[in-house]
Amino acid sequence: MRVHFSILLLVLFVTFQQYFENVQATVTYTCNPLATCGCSKYPAVLSKIVGGETVKTNSWGWAVSLRVNGRHRCGATVISAFYMITAAHCLINIPSLSTVSVVVGINTLSQVGQTRMISKSHIHPQYNSITFENDIAIIKLSTSLDMTDSLVSKICLPIIDPNLLTTQDYPAIGTDLVAVGWGALTSDSQMASSTLQQVTVQAISKTATTCKTILRNSALQFCAGVAGGGKGT
């Protein structure tokens with residue numbers, strides 16, 4: 001099964017500590033509950049033997065449904081009470097921000113959660129719609145999220161010396177990464193999943209044959225997947 005998720009891969013950079021309940025079956029991600037970011041209400045449990053799977057309820061508190069006229073369009077990620085991060089292509093060709101909203105603290109698209117309207121959006125000025133370089137945007141909410149809600153949390157952003165990116169792969173090759181979203185469950189479908197999904201992939205070297213043919217700018221982009229395919233975003 002191919003799994004497609006419309007959400008930024010910033011969700012990959014969680015600050016979870018990892019331990020194995022069953023090496024062949026599942027991996028559980030947990031964290032220090034006193035941390036100021038990166039902790040959701042419940043630990044995330046991921047199967048290691050499937051292409052993608054339904055998320056355990058309330059295990060990714062920063063996952064956001066970005067909507068246009070009330071209909072799910074893309075995923076986004078909570079970075080603070082007022083700001084979300086998403087992909088630039090999700091905001092292109094939207095006639096008015098008054099039609100854009102976000103819903104946070106949900107597992108299924110039918111849930112209510114915390115709903116907020118958008119007051120501003122900032123698309124990266126060097127976004128390239130052909131190569132998808134700088135495919136990133138920041139959105140500001142009209143009113144702040146209630147961050148005391150146990151179902152809502154913010155992601156931890158990575159801290160890295162940009163000078164290292166010229167000599168090192170980041171994330172490190174082979175690192176397990178998690179992509180989360182409501183994207184289509186098959187590569188030939190345009191219909192969003194009604195329930196939040198997750199998939200585990202690994203970081204791939206920019207020099208790998210499978211990566212070199214699709215990577216446009218290794219300073220801004222990286223490859224991830226699994227040997228043999230069948231899992232991805």
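Everything quoted here is computed from the prediction, not taken from an experiment.

Chemist: Looking at this model, I keep getting lost on unusual backbone geometry. Mind explaining?
Modeler: Negative phi characterises most residues that are not glycine, and trans characterises most peptide bonds. Backbone torsion omega between Y170 and P171 reads 0°, so that peptide bond is classified as cis. Note that P171 resides in the loop between β10 (137–141) and β11 (176–181). In this structure, N69 takes a positive phi of about 55° despite not being glycine. Mapped onto the elements, N69 comes out in the loop between β5 (63–68) and β6 (71–78). The phi angle at N93 is positive, at roughly 65°, despite the residue not being glycine. Considering the arrangement of structural elements, one finds N93 in the loop between β7 (83–86) and β8 (100–104). With relative accessibility at 75%, the residue N93 sits in the exposed group.

Chemist: Can you walk me through the packing of aromatic side chains in this structure?
Modeler: The relative placement of two aromatic rings is captured by the distance of their centres and the angle of their planes. A full pass over the atoms with the stated rule returns 1 aromatic pair. On the numbers, 5.9 Å between centres and 75° between planes, the contact of W60 with W62 is edge-to-face. This pair shows no difference in class: W60 is buried, exactly as W62 is. Seen from the ring of F82, K140 lies directly overhead, with NZ or CZ sitting 5.9 Å from the centre.

Chemist: What's the story with the sheet that holds β5 in this structure? I'm lost.
Modeler: Within a beta sheet, neighbouring strands are joined by backbone hydrogen bonds and run either parallel or antiparallel to one another. Ordered by their spatial adjacency, 6 strands build a closed barrel running β5-β6-β7-β10-β9-β8, and the pairing between neighbours is antiparallel. Put simply, the sheet's adjacent strands are angled 45° from each other on average, direction ignored. Note: β8 against strand β9 (residues 114–123), 4 bridges, orientation antiparallel. Of the residues in β9, the one forming a bridge with S101 is M117.

Chemist: I'm lost on the environment of I136 in this one. Help?
Modeler: In this structure, I136 sits in the loop between β9 and β10. The spatial distance from the C-alpha of I136 to the C-alpha of H89 is 7.8 Å, given a sequence separation of 47 residues. Contact partners of I136, with chain neighbours within four places excluded, come to I85, T86, A87, A88, H122, I123 and H124.

Chemist: What am I meant to see in the nonpolar core here?
Modeler: It is characteristic of soluble globular proteins that their nonpolar side chains tend to be buried jointly. Ranked by size, the top nonpolar core spans 36 residues in total, and within it W60, L66, M84 and V102 carry the most contacts. Of all the secondary-structure elements, those providing two or more residues to this core are β2 (26–30), β3 (44–47), β5, β6, β8, β10 and β11.

Chemist: Explain the state of the cysteines here, please?
Modeler: What we call a disulfide is simply a covalent bond connecting the sulfur atoms of a pair of cysteines. This model, assessed by the stated rule, comprises 4 disulfides. The connectivity of the disulfide-linked cysteines in the chain, indexed sequentially, is 1-3, 2-6, 4-5, 7-8.

Chemist: How should I be thinking about a nonpolar patch on the surface in this particular structure?
Modeler: Where nonpolar side chains cluster on the molecular surface, the patch consists of I160, L164 and Y170 and spans about 220 Å² of accessible area. Examined against the element boundaries, L164 turns out to sit in the loop between β10 and β11.

Chemist: In this structure, what is going on with the pairing of β10? I would like to understand it.
Modeler: Walk down a regular strand and you will see the side chains alternate between the two sheet faces. Of the two faces of β10, only one is covered, namely that formed by A137, I139 and L141; the face formed by I138 and K140 stays uncovered. Across 4 bridges, the pairing between β7 and β10 is antiparallel. Residue pairing in the sheet places T86 in a bridge with A137 of β10. Strand direction decides the pairing type here: β9 and β10, joined by 5 bridges, are antiparallel. The partner of I123 across the bridge, within β10, is A137.

Chemist: Got a minute to help me understand the confidence of the model for the chain in this structure?
Modeler: A low pLDDT score tells you not to read the predicted coordinates there in detail. Across the chain, pLDDT averages 84, with 82% of residues at or above 70. Throughout residues 1–24 the model reports pLDDT below 50, and contacts reaching past four residues in sequence, or to other chains, amount to 90 contacts.

Chemist: What is the right way to look at the pairing of β2 in this model?
Modeler: Of all the 5 residues making up β2, 4 are buried; the element is thus mostly covered by neighbouring parts of the structure. With 4 bridges joining them, β2 and β3 adopt antiparallel strand pairing. The partner of T26 across the bridge, within β3, is S47.

The rules behind the values
- Residues numbered from 1 in each chain as written.
- Predicted model: local features only at pLDDT ≥ 70, side-chain atom pairs only at ≥ 80, totals over all residues.
- Heavy atoms only, no water.
- Helix = DSSP H or I, 4+ residues; strand = E, 2+ residues; numbered from the N terminus.
- Buried < 20%, exposed > 50% of the residue type's maximum accessible area, 1.4 Å probe, protein only.
- Phe/Tyr/Trp six-rings, centres within 6.5 Å; stacked < 30°, edge-to-face > 60°.
- Lys NZ or Arg CZ within 6 Å of the ring centre and 35° of its normal.
- Pairing = 2+ DSSP bridges.
- Axes fitted to C-alpha atoms, helices over the stretch in contact; angles between N-to-C directions.
- Contact = heavy atoms within 4.5 Å.
- Core = buried A, V, L, I, M, F, W, Y, C linked by side-chain atoms within 4.5 Å.
- Disulfide = S-S within 2.5 Å.
- Patch = residues over 30% accessible without salt bridge, like charges linked within 9 Å, V, L, I, M, F, W, Y side chains within 5 Å.
- Areas by Shrake-Rupley, 256 points an atom, 1.4 Å probe, with all protein chains shown as cover.
- Salt bridge = Lys/Arg side-chain N within 4 Å of Asp/Glu carboxyl O.
- pLDDT = per-residue confidence, 0-100.

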